[in-house]
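Letter by letter, the chains look like this.
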Amino acid sequence: MNIGFIGLGIMGKPMAANLLNKGYSLTVYDLNTEAIDHLTQLGAKNGQSPKEVAIESDVIITMLPNNAIVKHVILGEDGIVQGAKAGTVVIDMSSISPVVAKEVAESLQDHGIEMLDAPVSGGEPKAIDGTLSVMAGGNESVFEKIKPVLACMGKDITWVGPSGSGATAKLANQIMVNVNIAAMSEALVLAAKAGIDIEKMYHAIRGGLAGSAVLDAKLPMIIERNFKAGGRVDINLKDLTNVMETAEAFDMSLPLTEHVRHIFETLKDEGKQANDHAGIVQYYEKAANVEVKKMPN
């Protein structure tokens with residue numbers, strides 16, 4: 001099985017590397033030539049364009065920033081649809097709107113090309129070690145066929161339902177992750193303002209209901225003032241914008257999500273768009289005039 005991989009960013013590059021490490025033949029493409037060079041040194045072929053990647057591949061994975069780029073890369077001029085043969089499977093692992101996921105899947109189906117929307121959760125660390133959570137939407141038999149490919153990049157791999165279901169599950173995931181980070185940040189800023197030792201508080205609460213994977217992953221980053229992105233502010237802003245647009249289509253209100261989306265917009269306006277989403281804490285710190293950090297020894 002020849003695999004194509006388009007989108008070699010923070011997540012895509014290690015995901016593609018894991019496919020190479022598992023022995024798959026890989027053709028890659030990205031606008032970032034340094035990322036292509038890194039993968040070709042590991043054994044991948046340079047596909048030159050999405051169309052050329054498609055010509056070489058039986059399965060094509062896309063890991064791209066937003067709705068518009070996904071549509072352009074798959075359906076546009078010199079896109080995947082121009083080179084893929086009938087029976088090819090496209091796996092879009094980007095975080096996009098379920099409406100767009102269904103639209104693209106329907107367009108590909110007209111050409112005899114199957115598509116799964118299979119976004120991931122776990123950030124850069126799990127992309128590197130191949131233990132991402134994968135939530136897939138589309139034809140279940142197609143999912144079962146390509147599940148071994150997904151298993152090279154992920155640990156918990158779940159078929160959620162028909163086309164658009166994976167994208168919808170990822171939106172729900174993004175609500176829970178980012179609202180959780182915001183709640184944690186609010187609590188940490190309160191504790192910092194009160195002057196208590198944040199690390200001791202962490203050890204006191206982590207074993208109770210307040211404990212979470214978010215707390216374990218993000219609190220150490222915050223107190224070390226390390227906002228190097230695993231999940232960027234601007235990417236999560238895009239995801240929560242997709243959430244709110246989907247909620248609007250369902251005629252429903254999501255007030256917590258909307259507030260966190262506003263926080264991301266504020267951070268982006270302040271030039272913090274490349275920060276990790278743990279940087280949400282900076283919004284609360286600015287309002288309270290305090291910084292969450294380690295106590296001096």
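Since the structure is predicted, the reported quantities are computational estimates derived from the model, not experimental observations.

## Some thoughts on the UniProt feature "domain: 3-hydroxyisobutyrate dehydrogenase-like NAD-binding" (unreviewed entry) in the chain
And then number 1: According to UniProt, the feature "domain: 3-hydroxyisobutyrate dehydrogenase-like NAD-binding" (unreviewed entry) maps to residues 164-284 in the numbering used here.
And then number 2: The span residues 164-284 shows a helical share of 71% and a strand share of 0%, and its end C-alpha atoms are spaced 35 Å apart.

## Things to note about the UniProt feature "active site" (unreviewed entry) in the chain
And then number 1: Mapped onto the present numbering, the UniProt feature "active site" (unreviewed entry) falls on K170.
And then number 2: Note that K170 resides in helix α9 (residues 165-194).
And then number 3: In contact with K170, not counting residues within four places along its chain, are S95, P119, V120 and M135.
And then number 4: Side-chain polar atoms of K170 contact the side chain of S95, separated by 2.7 Å.

## A short note on the packing of helix α10 (residues 198-205) against helix α11 (residues 213-223)
And then number 1: Interaxial distance between α10 and α11 falls to 11 Å at its minimum, and their mutual angle equals 175°. With respect to α11, the axis of α10 lies roughly antiparallel. Contacts between α10 and α11 involve I198, E199, Y202 and I205 on the former and, on the latter, L215, D216, L219 and I223.
And then number 2: Among the residues making up the contact of α10 with α11, the classes are represented as six nonpolar, no polar and two charged.

## Concerning the packing of aromatic side chains
And then number 1: Applying the stated criterion to the full structure yields one aromatic pair.
And then number 2: For the ring pair Y283 and Y284, a centre distance of 5.4 Å and an interplane angle of 85° mean the geometry is edge-to-face.

## Describing the domain arrangement of the chain
And then number 1: Domain assignment breaks the chain into domain 1 (2-162) and domain 2 (169-288).
And then number 2: The centre of domain 1, based on its C-alpha atoms, is set 28 Å off from the matching centre of domain 2.
And then number 3: In this assembly, 15 residues from domain 1 lie in contact with 13 residues from domain 2.
And then number 4: Here domain 1 and domain 2 share an interface that buries about 1000 Å² over both sides, 56% of which is from carbon and sulfur atoms.
And then number 5: Counting the surface domain 1 buries against domain 2, the share from its top three residues, I10, S95 and M135, is 36%.

Procedures and definitions
- Residues numbered from 1 in each chain as written.
- Predicted model: local features only at pLDDT ≥ 70, side-chain atom pairs only at ≥ 80, totals over all residues.
- Heavy atoms only, no water.
- UniProt positions renumbered as here; feature names shortened; annotations may be inferred.
- Helix = DSSP H or I, 4+ residues; strand = E, 2+ residues; numbered from the N terminus.
- Contact = heavy atoms within 4.5 Å.
- Polar contact = N/O pair within 3.5 Å; in protein donor to acceptor, adjacent residues only side chain to side chain.
- Axes fitted to C-alpha atoms, helices over the stretch in contact; angles between N-to-C directions.
- Parallel < 35°, antiparallel > 145°, perpendicular 65-115°, else oblique.
- Nonpolar A, V, L, I, M, F, W, Y, C, P; charged D, E, K, R; others polar.
- Phe/Tyr/Trp six-rings, centres within 6.5 Å; stacked < 30°, edge-to-face > 60°.
- Domains from an automatic or database assignment.
- Buried area = accessible area lost by both parts, 1.4 Å probe.

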